[in-house]
Amino acid sequence: MNHSRHEAFLRNVWYTNERTKHFQFQMSNGHRFEFRPGQFISLDIELDGRKIRRPYSIASAPRADNGFDLCLNMLPEGRVSSWLFNLKPGDKIAFSGPFGFFSLREPPDPVSAFIATGTGIAPIRAMLQHLYSRPHSSEVWLIFGVRTENDILYRQEFERMAEQYPDFHFVPTLSRPSPGWTGHTGYVQRHVVRYLAGKKGLHAYICGLRKMIDDVAHEFRAMGYDRKALSYEKYD
Ligand SMILES: Cc1cc2nc3c(=O)[nH]c(=O)nc-3n(C[C@H](O)[C@H](O)[C@H](O)COP(=O)(O)OP(=O)(O)OC[C@H]3O[C@@H](n4cnc5c(N)ncnc54)[C@H](O)[C@@H]3O)c2cc1C
C-alpha cells in the first residue's frame, strides 16, 4: 500500500447530530487510494503557520468510486476538528496513509463482535460494510454505546442490516436515555457481559476512548477470553 501524501476534495457533508458530521471525500485527479476497512488516515493541516496532524478512521469500506467517508466529532476548542467542521463541498484536504492494524480478520471469525462508543463507530462501519458486501457465515454483534437516542450514528443503516441479516445483532445502548426509550441502557460493558459470554470462536473489535476500551477488555478477560481475541483502536 502507498503511504505517501494524497489529496482529496469534499463531495458532500451533513450533520448526523448536533456535534457530529459525516463527510464524503473523493480523491483528486482520479488518483487511487487503497486501504483496508478499519484503517485510518493522517490529516495534515496548517493553522497559524504551524503544521498539525491528526489521525481519523475511515468510516467506509473501499468502494468503486474511489471515495471515502469520515465521521467526525466536534470538540469544543478542538483545533483540527473545528477546521474540518468548517469545510464546504469542493474544499481540499491533504493526508497520508492508510495506517493501522485495526482491520477485519480474513476469513471472518465464527463470531465477530464490534463494540464502539461515539465516533468509534467509524472504522466499525467500514468493517461491517465490507463484511456484508459478500456472503459469509459468521454471527455478528454490534454493541454501540452513546449518550442519547439522537447520538446513535448510522442508526437506520444498522437497523436495516439487522432486518436484512438474521445473523446481525444490533444493540444500541444509551447512557442518558429519555423516559420514552424502551431499548438498552447503561454502558457497553454491561451488554458485552450479557450477550457475549461463552461464544466459541469469537473475535472482538473495540473502538473509542481508552477508558471504555480498558473496561471492555477487562470484562472479556474476566469471561475467559484470550487477549488475542481482542483488537482495538484507542482514540485518545
Ligand atoms: C487512530 C485514531 C483514529 C481517530 N479517528 C477519529 C474519528 O474517526 N473521528 C473523530 O472524531 N476523532 C477521531 N480521532 C481523534 C482525533 O484524531 C483528534 O484527537 C480529535 O479530532 C481532536 O483533535 P483536535 O485538534 O480537534 O483537538 P485538540 O486541539 O487536539 O484538543 C482539544 C481538547 O480536546 C481534548 N481531546 C483531544 N482528543 C479528544 C478525544 N478524542 N475525545 C475527547 N477529548 C479529546 C484535548 O485534551 C483538548 O483538551 C482518532 C484518533 C486516533 C488516535
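Every value quoted in this text rests on a predicted model; they were computed, and no experiment measured them. (Residues numbered from 1 in each chain as written. Predicted model: local features only at pLDDT ≥ 70, side-chain atom pairs only at ≥ 80, totals over all residues. Heavy atoms only, no water.)

Asker: What am I meant to see in the pairing of strand 2 (residues 20–27) here?
Answerer: Here is the key point about a regular strand: its side chains alternate between the two faces of the sheet. Most of strand 2 sits out of view: 8 of its 8 residues are buried. When strand 1 (residues 5–17) meets strand 2, the two strands line up antiparallel, connected through 8 bridges. Bridge pairing in strand 2 places Tyr 15 opposite Lys 21. Between the antiparallel neighbours strand 1 and strand 2 lie 2 residues. Note: strand 2 against strand 5 (residues 67–73), 7 bridges, orientation antiparallel. Paired with Lys 21 across the bridge in strand 5 is Leu 72. (Buried < 20%, exposed > 50% of the residue type's maximum accessible area, 1.4 Å probe, protein only. Helix = DSSP H or I, 4+ residues; strand = E, 2+ residues; numbered from the N terminus. Pairing = 2+ DSSP bridges.)

Asker: What is the right way to look at the pairing of strand 1 in this model?
Answerer: Examined bridge by bridge, strand 1 and strand 6 (residues 92–99) share 5 bridges and lie antiparallel to one another. Note that in strand 6 the partner of Ala 8 across the bridge is Ile 93.

Asker: When you look at the packing of aromatic side chains in this model, what are you seeing that I'm missing?
Answerer: In this description, a pair of aromatic rings is defined by centroid distance and the angle of the planes. In total, this model carries 16 aromatic pairs according to the counting rule given. Between Tyr 15 and Phe 85, the aromatic rings sit 6.0 Å apart at their centres with planes inclined by 75°, giving edge-to-face as the arrangement. With Tyr 15 in strand 1 and Phe 85 in helix 1 (residues 79–85), this pair connects stretches of sequence that are 70 residues apart. According to the relative accessible area criterion, Phe 85 is buried, its value standing at 6%. Plain terms: the ring middles of Phe 158 and Phe 170 are 5.4 Å apart, the flat faces sit at 55° to each other, and that makes the pair tilted. Placement of Phe 158 in helix 3 (residues 155–164) and of Phe 170 in strand 9 (residues 168–174) is noted, with a sequence separation of 12 residues between them. Since its relative accessible area comes to 1%, Phe 158 is described here as buried. Three or more aromatic residues link up through ring pairs in this structure, and these residues are Phe 23, Phe 25, Phe 33, Phe 35, Phe 68 and Phe 95. When the ring centre of Tyr 154 is taken as reference, the NZ or CZ atom of Arg 125 above it lies at 4.4 Å. (Phe/Tyr/Trp six-rings, centres within 6.5 Å; stacked < 30°, edge-to-face > 60°. Lys NZ or Arg CZ within 6 Å of the ring centre and 35° of its normal.)

Asker: Even after reading the chapter, I still don't get the packing of helix 4 (residues 188–196) against helix 5 (residues 210–222), so can you show me in this structure?
Answerer: In a packed pair of helices, the relevant descriptors are the angle between the two axes and the axis-to-axis distance. Packing of helix 4 against helix 5 leaves a shortest axis separation of 9 Å and a crossing angle of 25°. The orientation of helix 4 with respect to helix 5, classified from their angle, is roughly parallel. Helix 5 is crossed by helix 4, and the crossing has right-handed handedness. On helix 5, the residues that touch Val 188, Gln 189, Val 192, Val 193 and Leu 196 of helix 4 are Met 212, Asp 215, Val 216, Glu 219 and Phe 220. (Axes fitted to C-alpha atoms, helices over the stretch in contact; angles between N-to-C directions. Parallel < 35°, antiparallel > 145°, perpendicular 65-115°, else oblique. Left-handed = near helix turned anticlockwise from the far one by under 90°. Contact = heavy atoms within 4.5 Å.)

Asker: How should the domain arrangement of the protein be read in this particular structure?
Answerer: How big an interface is tends to be stated in terms of the accessible area lost upon association of its parts. By domain assignment, the protein separates into domain 1 (5–99) and domain 2 (111–234). Here the C-alpha centroids of domain 1 and domain 2 sit 24 Å apart. With 18 residues of domain 1 at the contact, the number on the domain 2 side is 14 residues. Its largest share of buried area at the contact with domain 2, domain 1 owes to Pro 37, Ala 59 and Cys 71, together 30% of the area lost on that side. The partner of Arg 125 in a salt bridge is Asp 69, with the nearest N and O atoms 3.1 Å apart. Viewed at the interface, domain 2 and domain 1 are joined by 6 residue pairs in polar contact (both at pLDDT 80 or more). When contributions to the side of domain 1 that touches domain 2 are tallied by element, the ones reaching two or more residues are strand 1, strand 2 and strand 5. If you tally residues by element for the side of domain 1 that touches domain 2, the top one is strand 5, at 4 residues. Of the residues that constitute the side of domain 1 that touches domain 2, the class distribution is 7 nonpolar, 8 polar and 3 charged. (Domains from an automatic or database assignment. Buried area = accessible area lost by both parts, 1.4 Å probe. Salt bridge = Lys/Arg side-chain N within 4 Å of Asp/Glu carboxyl O. Polar contact = N/O pair within 3.5 Å; in protein donor to acceptor, adjacent residues only side chain to side chain. Nonpolar A, V, L, I, M, F, W, Y, C, P; charged D, E, K, R; others polar.)

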